[in-house]
Amino acid sequence: MPETFIFYAFSAMAIIASTLVIGQRNPMYSVLLLIASFGALSALYIQLNAPFVAVAQIIIYAGAIMVLFLFVVMLLNAPREDAAEWDRSHPLQHPNIGRFGALLAALLVVQLAWALTKVSELETPVGARADGASVGSVLEMGRILFTRHTFAFEATSVLILVAMVGAVVLARREGSNQ
Amino acid sequence: MIPLSYYLIVSAVLFAIGTAGVFLRRNLITILLSIEIMLNAVNLSFVAFGRYAGDLDGQIITFFVMTVAAAEAAVGLALIIALFRQRESLNPDAFTSLKW
């Protein structure tokens, strides 16, 4: 069954790439692996009949945000994480904090597993209730975005403006105030 | 067809990976990347739930999450650049001046 195979292939790719992202010492490799993970996720979105989200994922995430990250990694000449320093200074190396962290991690796993057993009763396939054409249509999505969610959309533009001004102010060099 | 719970399991695994990254890594850039992984995990479950419920609100909130992620990345990276200028380091332990 090709559909199931595609799902497993891209899920595995997303999970493996994300695991490698947090396993790399060099941030450059992390950023490039994260792009692979986003590509796999966008394939999952296409399978979920969400072409707009899939394309936005590639353009905004892999295209814009990750390029921003790459710029910063190259600009700072990104120092690699030092394994010896990790062993010496990581807070989780402290026995009490480490124990507390392990407790929190176990709690998160239990919580996620509990939530998933709750939803696993919903064995109905995704899309069983969808009425086909209207879901996934970009036209319909634009209509809803500009009618029911107009305020949120406009608020987003203010947020982006604030973020832009904030980024410029924060990254400005001290002493160039004129 | 793939059951909803499969997508949610993938989403939960990705979220757990992102959380682990935030707690385990000692590099500000990798920590921000882990936050992006967590945001994407949540996006996946939004889209899956939207498809399951048969309406478009899941995809629309994903769109908003993406814009917020873009704003967060811009401000976060600006902060990283400013911090790196002060300390020549990306290790979060280097920025403890405000610690009591």
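The structure presented is a predicted model; accordingly, all values stated were derived computationally and were not measured.

Parameters at a glance
Residues numbered from 1 in each chain as written. Chains lettered and ligands numbered in written order. Predicted model: local features only at pLDDT ≥ 70, side-chain atom pairs only at ≥ 80, totals over all residues. Helix = DSSP H or I, 4+ residues; strand = E, 2+ residues; numbered from the N terminus. Buried ≥ 20, exposed ≤ 12 C-beta atoms within 10 Å, placed from the backbone. Contact = placed C-beta atoms within 7 Å. Nonpolar A, V, L, I, M, F, W, Y, C, P; charged D, E, K, R; others polar. Core = buried A, V, L, I, M, F, W, Y, C linked by C-beta atoms within 7 Å. pLDDT = per-residue confidence, 0-100. Expected span 1.5 Å × (residues − 1). Axes fitted to C-alpha atoms, helices over the stretch in contact; angles between N-to-C directions. Parallel < 35°, antiparallel > 145°, perpendicular 65-115°, else oblique. Left-handed = near helix turned anticlockwise from the far one by under 90°.

A. Quick peek at the overall build of chain A. Looking only at helices and strands, chain A has 7 helices and 0 strands in total. Tracing chain A from N to C terminus, the helices and strands come up as α-α-α-α-α-α-α. When each of the 178 residues of chain A is scored for burial, the buried share is 22%. Long-range contacts, defined here as pairs at least 24 residues apart, represent 51% of the contacts in chain A between residues at least 6 apart.

B. Inspection of the interface of chain A and chain B at higher detail. The interface of chain A with chain B comprises 71 residues on the first partner and 61 residues on the second. For the side of chain A that touches chain B, the elements supplying multiple residues, two or more each, are α1 (2-23), α2 (27-47), α3 (51-75), α4 (83-89), α5 (95-119), α6 (138-147) and α7 (150-171) of chain A. Among the elements that make up the side of chain A that touches chain B, the one with the highest residue count is α3 of chain A (11 residues). Residue classes in the side of chain A that touches chain B are distributed as 50 nonpolar, 15 polar and 6 charged.

C. Highlighting the nonpolar core. Membership of the largest hydrophobic core comes to 61 residues, with the highest contact counts inside it found for F69 of chain A together with I29, L44 and A48 of chain B. Those elements giving two or more residues to this core turn out to be α1, α2, α3 and α7 of chain A together with α1 (4-24), α2 (28-53) and α3 (57-87) of chain B. Of all the elements, α2 of chain B adds the most residues to this core, at 14 residues.

D. Highlighting unusual backbone geometry. Residue N49 of chain A is not a glycine yet carries a positive backbone phi of 60°. Within the secondary structure layout, N49 of chain A lies in the loop between α2 and α3.

E. Seen up close, the confidence of the model for chain B. Residues and elements named next belong to chain B. Model confidence for chain B is summarised by a mean pLDDT of 88, while 99% of its residues fall at 70 or above. Here α1 is the element of chain B with the lowest mean pLDDT, 89, and α2 is the one with the highest, 91. The ipTM value of the predicted complex is 0.89, and its pTM value is 0.87.

F. Representation of α2 of chain A within the structure. Here α2 of chain A is 21 residues long and its end C-alpha atoms lie 30 Å apart, about the 30 Å a rise of 1.5 Å per residue gives. For α2 of chain A, every residue scored as buried is listed here: P27, S30, V31, L33, L34, S37, F38, L41, S42, L44, Y45 and Q47 of chain A. Here the buried face of α2 of chain A lies against α1 and α3 of chain A together with α2 of chain B. Of the residues one or two after α2 of chain A, N49 of chain A is the one with positive phi, at around 60°.

G. Region of interest: the environment of I17 of chain B. Note that I17 of chain B resides in helix α1. Since 23 C-beta atoms lie within 10 Å of it, I17 of chain B is described here as buried. Along the chain, I17 of chain B and M38 of chain B lie 21 residues apart, while their C-alpha atoms are 7.8 Å from each other. Beyond its immediate chain neighbours, meaning those up to four positions away, I17 of chain B contacts S18, T19 and I22 of chain A together with I37 of chain B.

H. Spatial organisation of the packing of α1 of chain B against α2 of chain B. Residues and elements named next belong to chain B. Taken N-terminus to C-terminus, the directions of α1 and α2 make an angle of 165°; their axes are 8 Å apart at the nearest point. Comparing their axes, α2 and α1 come out roughly antiparallel. The interaxial crossing formed by α1 with α2 has left-handed handedness.

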